[in-house]
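# Structure assessment
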Amino acid sequence: MAKSALLKSSLAKKVAMALSGLFLILFLTQHFFINTTSVFSSDTFNSISHFMGNNPLVQFVIQPILIVGVIFHFIMGFVLDFKNRSARQIGYTKYNGAANASWMSRNMIISGSVVLAFLGLHFYDFWVPEMVYKYIEVSPIETERYFPELVHKFESPIRTGLYCLSFIFLSLHLWHGFNSSFQSVGFNNKYSKGLQKFAYGFAIVVPFGFIFIALFHHFNN
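Below is a summary of the structure that appears in this document.

Scoring rules and cut-offs
Residues numbered from 1 in each chain as written. Predicted model: local features only at pLDDT ≥ 70, side-chain atom pairs only at ≥ 80, totals over all residues. Heavy atoms only, no water. Patch = residues over 30% accessible without salt bridge, like charges linked within 9 Å, V, L, I, M, F, W, Y side chains within 5 Å. Areas by Shrake-Rupley, 256 points an atom, 1.4 Å probe, with all protein chains shown as cover. Salt bridge = Lys/Arg side-chain N within 4 Å of Asp/Glu carboxyl O. Helix = DSSP H or I, 4+ residues; strand = E, 2+ residues; numbered from the N terminus. Buried < 20%, exposed > 50% of the residue type's maximum accessible area, 1.4 Å probe, protein only. Expected span 1.5 Å × (residues − 1). Bend = angle between axes of the 7 residues up to and from the residue. Polar contact = N/O pair within 3.5 Å; in protein donor to acceptor, adjacent residues only side chain to side chain. Axes fitted to C-alpha atoms, helices over the stretch in contact; angles between N-to-C directions. Parallel < 35°, antiparallel > 145°, perpendicular 65-115°, else oblique. Left-handed = near helix turned anticlockwise from the far one by under 90°. Contact = heavy atoms within 4.5 Å. Nonpolar A, V, L, I, M, F, W, Y, C, P; charged D, E, K, R; others polar.

### Considerations on a nonpolar patch on the surface
Nonpolar side chains collect at one region of the surface, where Leu-57, Phe-60, Val-61, Ile-62, Ile-65, Tyr-135 and Ile-136 lie side by side and expose about 720 Å² of accessible area between them. Only helix 3 (56–91) and helix 6 (108–136) provide two or more residues apiece to the nonpolar patch. In terms of residues, the nonpolar patch owes the most to one element, helix 3, which gives five residues. Within the element layout of this structure, Ile-65 appears in helix 3. Residue class for Ile-65 comes out partly exposed when judged on its relative accessible area of 47%.

Right under this line is the structure:
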């Protein structure tokens, strides 16, 4: 009975982890779309960024939910990793991880930790200055400021390199995590193979698309 309850609890955690991950992928897609416009049109990027930065629904509903989602996803990741490692130590005399799972699946906590550190840098670079600008300094609204601020962040080769490295780890994290999310929520039918291919494509296109954007602005400064 206790074992059954423990199994259900573990399964519930995995489902919650998967759902929060899928939610964050939606945010990542939207963020990628907005940043991509900065390559083609500074005016379009400024317009979309201004709308997102001043829309009450985005600022006071979606943004808090997103922050909670990020915190929840990473806390659950650390909890599940700790439980998995504890179970391996107890359940196996000799655990051969390479024979049972891929490197990425065994090291999700490493790639996730790098992504979490990157999010801290990203918040420091963009979110914190935005909050200071709007709610502490209470500066006048400038609709054209977003593109120059974005470009300025990629002037430094060190910061640009950190962004690129972080997106490589994001790609590794998504390579296993996206497909794992579908499996955790029980999505196993005739569309599974198609979703698997889509997830692998997403894990390559979006992170390396972000890398292209960073390099584009760095070398075009």
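So that's the structure; there's more coming.
### Structural notes on helix 8 (residues 157–184)
Over its 28 residues, helix 8 extends 39 Å from the first C-alpha to the last, a length consistent with the 40 Å expected when each residue adds 1.5 Å. The largest bend along helix 8 measures about 35 degrees and falls at Leu-174. Two or three places before Ile-158, at the opening of helix 8, Ser-156 has a side-chain oxygen 3.3 Å from that residue's backbone nitrogen.

### Some remarks on the pattern of salt bridges
One pass over the structure, following the stated rule, counts five salt bridges. We note a salt bridge from Arg-145 to Glu-130, for which the minimum N-O separation is 3.1 Å. Of this pair, Arg-145 sits in the loop between helix 6 and helix 7 (146–153) while Glu-130 is found in helix 6, placing the two residues 15 residues apart along the sequence. The pair formed by Arg-145 and Glu-130 is uniform in burial state, with each residue classed as buried. Residues participating in the shared-partner salt-bridge network are Glu-130, Lys-134, Arg-145 and Glu-149.

### So, the packing of helix 6 against helix 8
Interaxial distance between helix 6 and helix 8 falls to 9 Å at its minimum, and their mutual angle equals 135 degrees. Classed by the angle they form, the pair helix 6 and helix 8 counts as oblique. In this structure, helix 6 crosses over helix 8, and the sense of that crossing is left-handed. In contact with Met-108, Ile-110, Ser-111, Gly-112, Val-114, Val-115, Phe-118, Leu-121, His-122, Tyr-124, Asp-125 and Phe-126 of helix 6, helix 8 contributes Arg-159, Leu-162, Tyr-163, Ser-166, Phe-167, Phe-169, Leu-170, His-173, His-176 and Gly-177. Each residue belonging to the contact of helix 6 with helix 8 can be placed in one class, and the counts come to 13 nonpolar, seven polar and two charged.

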